[in-house]
Amino acid sequence: MNRCRIAASVLVFLFSAFCFPAESVMPPEVYSRMSEQSKIRATAVVEEVKTLETGMQSTWKSVVFRLRHPMSEGVPELFSGTCYSVDHSWQQPPAGGTIYFYPEKGDLVYVTVAADGGSITSYTYLNDVMESLFIDNADKIRYGMGNAWLDL
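So, here is what we can say about the structure in this document.

Conventions adopted
- For every chain, the first residue of its written sequence is number 1, and the numbers climb from 1 along that sequence.
- This being a predicted model, a pLDDT of at least 70 is required before a residue's local features are given, and a value of 80 or more before pairs of side-chain atoms are given or counted; all residues contribute to the totals for chains, interfaces and linings.
- Note that the side-chain values use all heavy atoms of the structure and ignore hydrogens as well as water.
- Going along the chain from the N terminus, every DSSP run of H or I of four or more residues is numbered as a helix, and every run of E of two or more is numbered as a strand.
- Note on classification: 1.4 Å probe, protein chains only; a residue is buried when its accessible area is under 20% of the maximum for its type, exposed when over 50%, partly exposed between these limits.
- Throughout this description, a polar contact denotes any pair of N or O atoms lying within 3.5 Å of each other; where both atoms belong to protein, one of them has to be capable of donating a hydrogen while the other can accept it, and for residues adjacent in sequence the pair is counted only when both atoms sit in side chains.
- Whether two residues are in contact is decided by their heavy atoms, any of which lying within 4.5 Å being enough.
- Throughout this description, the term salt bridge denotes a Lys or Arg side-chain nitrogen within 4 Å of a carboxyl oxygen of Asp or Glu.
- Pairing between strands is defined by DSSP: at least two bridges between the two strands are required.
- Orientation is described by axes fitted as lines to C-alpha atoms, over the contacting stretch for helices, and by angles from 0 to 180 degrees between their N-to-C directions.

**Things to note about the side chain of Lys-61**
Here comes step 1: Within the secondary structure, Lys-61 is located in strand S2 (residues 59-70).
Here comes step 2: Residue classification places Lys-61 among the buried positions, given a relative accessible area of 8%.
Here comes step 3: In this structure the side chain of Lys-61 is engaged in a polar contact, spanning 3.3 Å, whose partner is the side chain of Ser-85.
Here comes step 4: In this structure, Lys-61 is in contact with Val-49, Lys-50, Thr-51, Leu-52, Gly-81, Thr-82, Cys-83, Ser-85 and Asp-87, ignoring residues within four places of it in sequence.

As structure tokens, then:
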């Protein structure tokens, strides 16, 4: 009886020692809520993209934006956010809930950032016409998994 308990304890320990939590994609509502709750919501132009770290799974970047039109209160003229990209064929992103963005200097975007310097929660490419539509219909902006659109 004692041997069985010891064997069971050893098996439970070994089983738990070799189990790793798996990341999964979160429901779309989670990403939508993150964008809706972001402190910064604005149309902006990308001023600078800086690589902070390149790893085997992705590239971590800092993006500086120049404000064109605030869609939330207190958005500074220059603000920044961070994101991940998969920039190299040798990078192998894990399965999971990370959304990847590919900002480039000069991009005109509607962007949401958790807070200045925080995570970019949505990044939507615009042209001048789309920017006007977003500004004129701010109450109709809807969010998905890392992007925004107008529900007209």
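**Examining the pattern of salt bridges**
Here comes step 1: As enumerated under the stated definition, the model contains 5 salt bridges in all.
Here comes step 2: Arg-142 serves as the salt-bridge partner of Asp-151, at 3.9 Å between the closest nitrogen and oxygen.
Here comes step 3: The partly exposed category is assigned to Asp-151, whose relative accessible area is 43%.
Here comes step 4: Note on Arg-142: relative accessible area 34%, which makes it partly exposed.
Here comes step 5: Taken together, the shared-partner salt bridges in this structure form one network comprising Arg-68, Asp-128 and Glu-131.

**Description of the pairing of strand S3 (residues 78-85)**
Successive side chains on a regular strand alternate, one facing one side of the sheet and the next facing the other.
Here comes step 1: For S3, a buried count of 6 out of 8 residues is recorded, marking the element as mostly surrounded by other parts of the structure.
Here comes step 2: With 8 bridges joining them, S2 and S3 adopt antiparallel strand pairing. In the strand pairing of S3, Ser-62 is matched with Thr-82.

**Examining the sheet that holds S2**
Here comes step 1: The strand order across the open sheet built from 5 strands is S3-S2-S1-S4-S5, with neighbouring strands paired in antiparallel fashion. Where the open sheet ends on each side, the last strands, each with one partner, are S3 and strand S5 (120-125). Taken pair by pair, the neighbouring strands of this sheet meet at an average axis angle of 40°, ignoring direction.
Here comes step 2: Inspection of the sheet shows strand S1 (residues 40-54) paired to S2 by 11 bridges, in the antiparallel sense. Pairing of Ala-42 across the sheet is with Pro-70, part of S2.
Here comes step 3: Contacting S1, strand S4 (108-113) and S5, helix H2 (residues 28-36) runs over the sheet at an angle of about 90° to S5.

Any functional reading would require information that these geometric values do not contain.
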